[in-house]
Amino acid sequence: GAPLGPRRISRRPVPALPDTEAFLAAALQRVRRRARGCLAPELCVQASEFTFLFPSLQYLFSVCAPIFFQRLPLFNLGIQRKCYCQEINFLFIAFDSISLLSLGLGTMGRGIVTSLVKANIRVVALEQNLEYLNTGKKAVMLLLEREAMKMQKGAQAPDFHNPARLQFTVDFDLLRDVDLVIEAVFENMALKKEIFHKLSRVCKPGALLCTNTSALNIDEIASATSRPQQVIGTHFFSPAHVMRLLEIIYGRHTSPTAIATAMQLAKALDKVGVVVGNCFGFVGNRMMFPYVQQAVFLLEEGSTPEAVDRVLEDFGFKIGPFRMSDLAGLDVGWRSRQEQGLTGPALPAGTPARQRHGQRYCPLPDLLCEHGRFGQKSGQGWYQYEKAGGRTATPDPWLHKFLSQYRDTHGIKTRRIDQEEILERCLFALINEGFAILAEGIASGPEHVD
Ligand SMILES: NC(=O)c1ccc[n+]([C@@H]2O[C@H](COP(=O)([O-])OP(=O)(O)OC[C@H]3O[C@@H](n4cnc5c(N)ncnc54)[C@H](O)[C@@H]3O)[C@@H](O)[C@H]2O)c1
């Protein structure tokens, strides 16, 4: 009954702020700082600015801007918060009432346990022997103490000193009663198959068996069990208690229930679950391989880890490829390359140092590992750190000398490499692989790749 005119939102005045310009400029600065390199947040602030200038556009922008800007794949390098799980009905499992076993308390296991405990999930953490268990336990407790300190006043900290909530053990028999296992042992197919075979014999029939492998074939791991429909990849990113992305990889036999449960786990952990297909490296690492490969090629040609990292961090990546590799552990990729026969004892005699299967190959990451430089965990990698496990990266004169000797050995002439070349070579490698992943249907849409 009421006339439309006064109800039109477009006609409503926008209340003026005392100093609109300064307010918006400060907001833009804040957004740029927080979401470095991401286009969408900045454009949203600019869209809001328009609404002050042209109030009738207020409605248009508030409704259309988010829709429009979400459709900027590959340009908006921020991760979307939305989880997609196509053609699957979610199962609503109360994760706080289940018990979960984390196998392996290395770099990843520690972060995974921390993440689970923070989500109030009962956890049993299992290691191969007491020495590894004690080191892992100490590291987990430290992480949890830090997390508890970060929690807001009044919030209830997880009860991680209670063995009924978090138990550390080397007793494989304790996994009889768990509902879900997350395996995070060394990246080695033979070891993973041995463990999954054991798990399928010992765990109760309904238990879901998840692997945190970075790249290995989920179907092959599942083939070692009597329940391949309950085997699934849950690929956490390092550090697992911080990074929000969780890749969920289904194999040929993985059941929809297993996928839905893994998605529900992502939700319980406040992570962004993305369901992807099974291929070497899945989506995240498969894209990372050519990106990091370009970065090491740039070192061969005359650049430095600091220069490459700086360009990519200035562009908007939270961390450049070399600092990232040091954080994740250089030995992880080294083990994987050894398994693939790209380096180590399995490499056929007479293989050229800088070529594999007819393609250019850079052995620098392998050489660093041969020198015991595994990144932060050993105190030296592409950078040097204050101690093993230290986090402050500083340029390492040893590495610079090593690079220059390496170039001399291989007769590589260095040249000046500018910022644009660094940016384009690394980014284009990333983008091209993203398109290949889409073309093969490993990811079902660009939003999953982003
Ligand atoms: N480091 C990363 O950035 C990263 C990221 C994502 C996924 N991953 C994957 O996660 C897995 C673990 O990687 P990580 O970096 O934590 O390795 P890591 O070497 O730091 O830790 C592996 C742990 O597994 C334990 N372990 C080995 N055999 C065991 C057994 N039989 N029973 C119980 N524990 C055993 C070891 O004692 C060790 O503590 C690998 O598959 C890796 O590819 C690693």
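The structure under discussion appears in the preceding block.
Figured I'd write up the structure that's included with this text. (Residues numbered from 1 in each chain as written. Predicted model: local features only at pLDDT ≥ 70, side-chain atom pairs only at ≥ 80, totals over all residues. Heavy atoms only, no water.)

**With respect to the sheet that holds strand β1 (residues 99-103)**
Note the threshold: Any two strands with at least two DSSP-identified bridges between them are counted as paired. The helix count covers DSSP runs of H or I at least four residues long, the strand count covers runs of E at least two residues long, and both are numbered beginning at the N terminus. Lines are fitted to the C-alpha atoms to define the axes, a helix being fitted only along its stretch in contact, and any angle between axes, read from their N-to-C directions, falls within 0 to 180 degrees. Contacts between residues were defined by any pair of non-hydrogen atoms, one from each residue, lying within 4.5 Å.
Reading across from one edge, β3-β2-β1-β4-β5-β6-β7-β8 is the order of the eight strands in this open sheet, with mixed pairing throughout. At either margin of the open sheet sits one strand with a lone partner, and together these are β3 (166-169) and β8 (272-276). The mean angle between the axes of side-by-side strands here comes to 25°, regardless of whether they run parallel or antiparallel. Helix α8 (residues 256-268) rests against β1, β4 (180-183), β5 (208-211), β6 (231-236), β7 (245-249) and β8 of the sheet, and its axis sits at about 175° to β7.

**Thoughts on the site of the ligand**
Short version of the rule: For this description, a residue counts as near a given molecule or strand if any of its non-hydrogen atoms is within 4 Å of it. Identification of polar contacts relies on pairs of N or O atoms within 3.5 Å, with a donor-acceptor requirement for protein atoms, meaning one able to donate a hydrogen and the other able to accept it, and with residues adjacent in sequence counted only if both atoms are side-chain atoms. Where accessible areas are quoted, they stem from the Shrake-Rupley method and a 1.4 Å probe; at the residue level, only the protein chains shown are allowed to cover. When residues are sorted by character, Ala, Val, Leu, Ile, Met, Phe, Trp, Tyr, Cys and Pro go into the nonpolar class, Asp, Glu, Lys and Arg into the charged class, and all the rest, Gly among them, into the polar class. Domain limits in this description derive from either an automatic procedure or a database domain assignment.
Near the ligand lie 25 residues; those nearest to it are Met 108, Glu 127, Glu 187, Lys 192 and Ser 214. Ser 214 places a side-chain nitrogen or oxygen 2.5 Å from an oxygen atom of the ligand. In isolation the ligand offers 830 Å² of accessible surface; the protein chains occlude 91% of this area. Breaking the shell around the ligand down by element, the ones donating at least two residues are α4 (107-118), α6 (189-202) and β6. Here the element with the most residues in the shell around the ligand is α6; it accounts for three residues. Tallied by class, the residues present in the shell around the ligand amount to twelve nonpolar, nine polar and four charged. Each of domain 2 (95-276) and domain 3 (284-439) contributes no fewer than three residues to the shell around the ligand.

**Remarks on the pairing of β3**
To be explicit about the condition: Seen with its strands pointing away from the viewer, a crossover is right-handed when the path leading from the first strand over the helix to the second is clockwise.
Of the strand pairs in this sheet, strand β2 (residues 122-126) and β3 are connected by four bridges, and their pairing is parallel. Bridged to Val 123 within β3 is Leu 166. With helix α5 (residues 130-150) bridging β2 and its parallel neighbour β3, the resulting β-α-β unit is right-handed.

**Some points on the packing of aromatic side chains**
Our working rule: Note on aromatic pairs: the rings of Phe, Tyr and Trp (six-membered ring only in Trp) are paired at centre separations within 6.5 Å, and the planes decide the class, stacked below 30 degrees, edge-to-face beyond 60, tilted for the rest. Here the term buried applies to any residue with accessible area under 20% of the maximum for its type, exposed to any over 50%, and partly exposed to those in between, with areas from a 1.4 Å probe on protein chains only. Each ring is checked for a lysine NZ or an arginine CZ that lies within 6 Å of its centre and within 35 degrees of its normal; such an atom marks a charge sitting over the ring.
This model, assessed by the stated rule, comprises six aromatic pairs. Look at Phe 322 and Trp 382: their rings are 4.9 Å apart centre to centre, the planes differ by 70°, and that puts the pair in the edge-to-face class. Of this pair, Phe 322 sits in helix α11 (residues 321-328) while Trp 382 sits in the loop between α13 (364-370) and α14 (397-409), and the two are 60 residues apart along the sequence. On the basis of relative accessibility, which here comes to 1%, the residue Phe 322 falls in the buried class. Each residue in the set Tyr 291, Phe 315 and Phe 317 is aromatic and connected to the rest through ring pairs, giving one cluster. Residue placement shows Arg 335 over the ring face of Phe 186; its charged tip is 4.4 Å from the ring centre. Lying across the ring of Tyr 361, Arg 356 places its NZ or CZ 4.1 Å from the centre.

**Quick word on the pattern of salt bridges**
What counts is decided by this rule: Only one rule defines a salt bridge in this text: a Lys or Arg side-chain nitrogen within 4 Å of an Asp or Glu carboxyl oxygen.
Counted under the stated rule, the structure contains 24 salt bridges. For Arg 252, the salt bridge is made with Asp 219, and the minimal N-O distance between the two is 3.8 Å. Separated by 33 residues along the polypeptide, Arg 252 in the loop between β7 and α8 and Asp 219 in helix α7 (residues 218-222) bring together distant segments of the chain. One continuous salt-bridge network, built from bridges that share partners, spans Glu 300, Glu 301, Arg 354, Arg 360, Arg 415, Glu 421 and Arg 425.

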